[in-house]
Amino acid sequence: MKTEIYDYMLRRGLSRRSVLKGAAASGLAVAAGGVSTGIGLRPAWAADNAALRQEILKIPGVGMGSPTDADWQKVGELCLGPTRDVVAEGEFAGVELTFMGLNNQNLHNFLFRGFLKPWEAYTGAKINWIDLAQADYNPRLQQSIATGTVDFDILQMGAPFEGDTAGRGLLDEMPDWVKDVIDMDDYVDYLKAPVGTWDGKTYRVSIDGDCHTYAYRKDYYENEEFAAAWKEAGGEGDWVPPTTWAQVNAHSKFLAGKTDPLTGLPAHGFLDPLKYTWGGFGFYFLEDRATAYAKHPDDPAWLFDPDTMKPRVNNPAFVQAIQDVMDLLAVDGAYPTDQVNADPNVTAFQQFLAGTGAGLTWWGDVGSNARTSDTSVVGDVIGFSTIPGSEKVWNSQTGEWDMTANEAPNNAYIGWGVYVTKLVQGDEKKRKAAWSAAAHLGGRDLSLWCSAYPSGFQPYRNSHFQFEEWEVAGYDRAFVEDYLGSNADSYNHPNAAIEPRIPGIFQYYSIAEDELVKGLAGQYGSAQETADAIAAAWEKITDQIGRDSQIALYKASLGM
């Protein structure tokens, strides 16, 4: 656990005993402290499944190439035990289900197919697939909701959409037997209820945990020529990985025109996805730059005013974040050529993992991809931390900057889950089949494999933070402590920025992306005008949905 997080928790009135007890109870003391005793923290269930978990973690093993469809099927077959406990062989013969999800980077649905193939063979059910690119996901889902044409029985979806789906009665409530199969108590705390619930009913099988972390190239910061040049140029502080966004920009400007120490190609600093338009998901990357400026430790709200729903996206904090990007755009060589055409997938998988750039923010799975994907060349030189902080934070209560250091990890999207729609209601055989498929994908052991290998998902269960199990797959201890520690510190940070589960949240994000791209292209006169355009669009959305109901739901999502 980071010292400042530990100190903060003590300042909030928690005793040292309660802090450490809480960390141990959540199963995160090992990861957070960077020390593993192996005694007393390992859940009892792990001993029962240890052999199985070791077996699947060796498929195919770190350094053995990217997993294949045969590997996914083998993992799915080995993890079929919980299904066999509650479903008779052939019980779902004749049932056909439609599953809608993503096909990003040949992950998500591609893995689900492999995992579920042995499930289909055992149960007799057949699954038809609707595959969507990330940018197409939100429009497809919103169109189905708006037109009443939901045509899928099982849905891969994030918690932010629960207001649009569960809130409109489109989902089927999870049967109690599913809760037992998937062991919901093993989820990290921030994914537990009310996440996955609506009006007290549970709808979601979690398959992912979400937070953005900062991934950086250690070889950039261990480079003696860079360190000497930084000092000669009068750079502030030592040449070490940045901890604030001001340092990120300073390093990016310094690196422009230099040579990458690994590839020999042009060096670059931070990789912003300047083609933000990504179905609403691209807005998270501006949030990464904004949260440290905008999320005040004494205020749970940061996107909207909780009493009026007036957007805060055009306050000085967000304007600072937009200005930071504009400042780098003005520096030749700060970004790779044609960066304006790079969406987040490009920055992570085609640039950073392929050896371009000193750092980026991304969901936690960039770590497993760095070591186990054929596309990665940075596995030996990658380091991790929480996303950068700031040296000031906007205080919306006083309307002034507080000139104090601030961190606010962006726990963006609250993780993917698998949901069952109300289409299965009235057919108990089909309903059980749908929930059985969801439970198989959200199983405890299968989820460990997804955390350790390229899947599109990141660790989200307390049981995923057992360093010893990752070493079985071939990871080294130092990497695992660094990687898992950045996830744990983000999940547990007392000032983490958690987005609201309110109806239309991706309408807000999508239109923000459109206006942001216009601003970066020079269609507005300044960062402030760009932010004002976003705020004006958000006000219209709030009025369309209903301001009073949005206020109530926004407050509820913040625990107010």
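Residues numbered from 1 in each chain as written. Predicted model: local features only at pLDDT ≥ 70, side-chain atom pairs only at ≥ 80, totals over all residues. Heavy atoms only, no water.

Moving on: the nonpolar core. Judged by nonpolar contacts, the single largest core of 162 residues is most densely connected at Y137 and W449. Mapping this core onto the domain boundaries places at least three of its residues in each of domain 1 (55-206 + 416-457) and domain 2 (213-412 + 495-558). When neighbours within four sequence positions are excluded, Y137 is seen to be in contact with M100, L102, L132, L155, Q156, M157, F161, F281, Y413 and W416. (Core = buried A, V, L, I, M, F, W, Y, C linked by side-chain atoms within 4.5 Å. Buried < 20%, exposed > 50% of the residue type's maximum accessible area, 1.4 Å probe, protein only. Domains from an automatic or database assignment. Contact = heavy atoms within 4.5 Å.)

What follows deals with the sheet that holds strand β13 (residues 416-420). Pairing is mixed in the open sheet, where five strands are placed in the order β2-β1-β3-β13-β6. Either end of the sheet is taken by a strand with one partner, and the two such strands are β2 (126-132) and β6 (204-206). Ignoring strand direction, the axes of neighbouring strands in this sheet form an average angle of 30°. When β6 meets β13, the two strands line up antiparallel, connected through three bridges. The residue of β13 that forms the bridge with S206 is G417. Across the sheet, helix α7 (residues 109-123) lies against β1 (96-102), β2 and β3 (154-158), angled at about 180° from β2, the strand it touches most. (Pairing = 2+ DSSP bridges. Helix = DSSP H or I, 4+ residues; strand = E, 2+ residues; numbered from the N terminus. Axes fitted to C-alpha atoms, helices over the stretch in contact; angles between N-to-C directions.)

Applying the stated criterion across every chain yields a total of 57 aromatic pairs. Geometrically, the ring pair formed by F161 and F506 is stacked, given 4.5 Å between the ring centres and 25° between the ring planes. One end of the pair, F161, is in the loop between β3 and α9 (162-165); the other, F506, is in helix α22 (residues 505-520), and 345 residues separate them in sequence. Each member of the pair, F161 as well as F506, is classed as buried. When the centroid spacing of 5.2 Å and the interplanar angle of 35° are considered together, the rings of F304 and W538 count as tilted. Taken together, the residues F304 in the loop between α14 (283-294) and α15 (316-329) and W538 in helix α23 (residues 527-545) connect sequence positions 234 residues apart. (Phe/Tyr/Trp six-rings, centres within 6.5 Å; stacked < 30°, edge-to-face > 60°.)

Scope: geometric values only; no functional claims are made or implied.
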